[in-house]
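Survey of secondary and tertiary structure
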Amino acid sequence: MRAIQVDRHGGPEVLNLTDVADPSPRPNQLLVEVDAVGVNYIDTYFRTGTYPRPVPYIPGSEGTGVVTEIGSQVSGFAIGDRVAWAAGPNSYAPRAVVDEAVAVRVPEGVDAPVAASALLQGMTAHYLIESVYRPEPGETVLVHAGAGGVGLLLTQLAAARDIRVITTVSSDEKEALSRGAGAWEVLRYGDDLADRVRELTGGTGVAAVYDGVGAATFDAGLASLRVRGMLALFGAASGPVPPVDLQRLNAAGSVFVTRPNIAHYTRDRAELDWRAGDIFEAVADGSLTVRIGATYPLAEAAQAHRDLESRKTTGSIVLIP
């Protein structure tokens, strides 16, 4: 088959469409004919070598498709089932093998591009607002990159609970999208960001900051917290945050900082099914909208990465094999 392969770490140019062997499922795996693949920032971290991974490899951890073969020990799925996954490696391909333990069923009414991009970003938004810090109605939170995939979903989930969401964006178009998702106020990035957040909160600061941007926003986020507030750093789109002197947390008001990842919040089947079920149910009934900002043929994966890293895109990005 023809799949995207990374032979060396580097920029988007290392994403090459090439001939690779057809995959075969092991006893606990599903073989899936892939309909759509989600593109996420974590894919760029592996591509550049920020997160170590031996080369060569097929990138991608998120996708959806139809089961065409099952391993001898698989008991929860059958040939013909529509499934999605957020932790299945080698997804930038027309066929992929997925561990039964990480696959979830896709409900009727959820099309392939949405299913391919809703799971990782949706479950990230879910664990942030359900488990990392669960705001109470009336509390105010700050969401960086409010027009990104996680930002739009997290804003919707929060606004539905009467939580006041302040978001940051970089353009008028992104501001309109963020407000459409339910943002209470939308701010531009800048040196005075923390001051503007405190003005909006009567000088108190926000209960939580959800930051997937990293180096460019961390300091402002820390300065935006109320006493005993929580900063959840779940990504580093602008680069990694330098080492932090823990005394800063005291000076900022005995605040908390955590660096969560989805693997630690989907540790067993029950937790995976809870988060995935909540997201897919909300998408299916229309209470949660997944914005597909761009779709690309699989062969154009390099351009998808360029657009993602240059922050030209909004919402989710999908590859179609």
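Before reading on, note that the structure itself is shown above.
Read on for a plain summary of the structure. Only a predicted model underlies this, so the values are computations on that prediction, with no experimental measurement involved. (Residues numbered from 1 in each chain as written. Predicted model: local features only at pLDDT ≥ 70, side-chain atom pairs only at ≥ 80, totals over all residues. Heavy atoms only, no water.)

With that settled, consider the packing of helix α2 (residues 112-132) against helix α3 (residues 149-159). Close contact between α2 and α3 brings their axes to 9 Å; oriented N to C, the two are set at 45 degrees. Judged by the angle between their axes, α2 and α3 are oblique. Between α2 and α3 the crossing geometry is right-handed. Contact residues: Q121, G122, T124, A125, H126, L128 and I129 in α2; G149, V150, L153, L154, L157 and A158 in α3. (Axes fitted to C-alpha atoms, helices over the stretch in contact; angles between N-to-C directions. Helix = DSSP H or I, 4+ residues; strand = E, 2+ residues; numbered from the N terminus. Parallel < 35°, antiparallel > 145°, perpendicular 65-115°, else oblique. Left-handed = near helix turned anticlockwise from the far one by under 90°. Contact = heavy atoms within 4.5 Å.)

Think of an α-helix as turning once every 3.6 residues; residues three or four places apart then point the same way. Along helix α9 (residues 301-309), the residues classified as buried are A301, A302, A304, H305, D307 and L308. Against β1 (2-6), β2 (15-19), β3 (29-39), α1 (41-48), β14 (292-297) and β15 (316-320) lie the buried residues of α9. Where α9 ends, the next residue or the one after it, R311, has phi of about 60 degrees, a positive value. (Buried < 20%, exposed > 50% of the residue type's maximum accessible area, 1.4 Å probe, protein only.)

Another aspect to go through is the nonpolar core. Of all hydrophobic cores here, the largest spans 42 residues; its most connected members are L119, L128, Y210 and F280. Residue assignment for this core shows that the elements contributing at least two residues are α2, β8 (140-143), α3, β11 (206-211), β12 (225-233) and α8 (269-284). Residue contributions to this core reach at least three from each of two domains, namely domain 1 (2-119 + 267-319) and domain 2 (137-259). Among the nonpolar cores identified, the runner-up in size contains 33 residues, and V74, F77, V83 and A294 belong to it. (Core = buried A, V, L, I, M, F, W, Y, C linked by side-chain atoms within 4.5 Å. Domains from an automatic or database assignment.)

Under the counting rule described, the total for this entry stands at 16 salt bridges. Between E33 and R95 there is a salt bridge whose closest N-O contact spans 3.8 Å. Taken together, the positions of E33 in strand β3 and R95 in strand β6 (residues 95-99) put the pair 62 residues apart, joining distant regions of the chain. Judged by its relative accessible area of 33%, E33 is partly exposed. Salt-bridge contacts for E130 lead to R161; the nearest nitrogen and oxygen are separated by 2.2 Å. (Salt bridge = Lys/Arg side-chain N within 4 Å of Asp/Glu carboxyl O.)

Remember, this is a structural readout, not a statement about activity or role.
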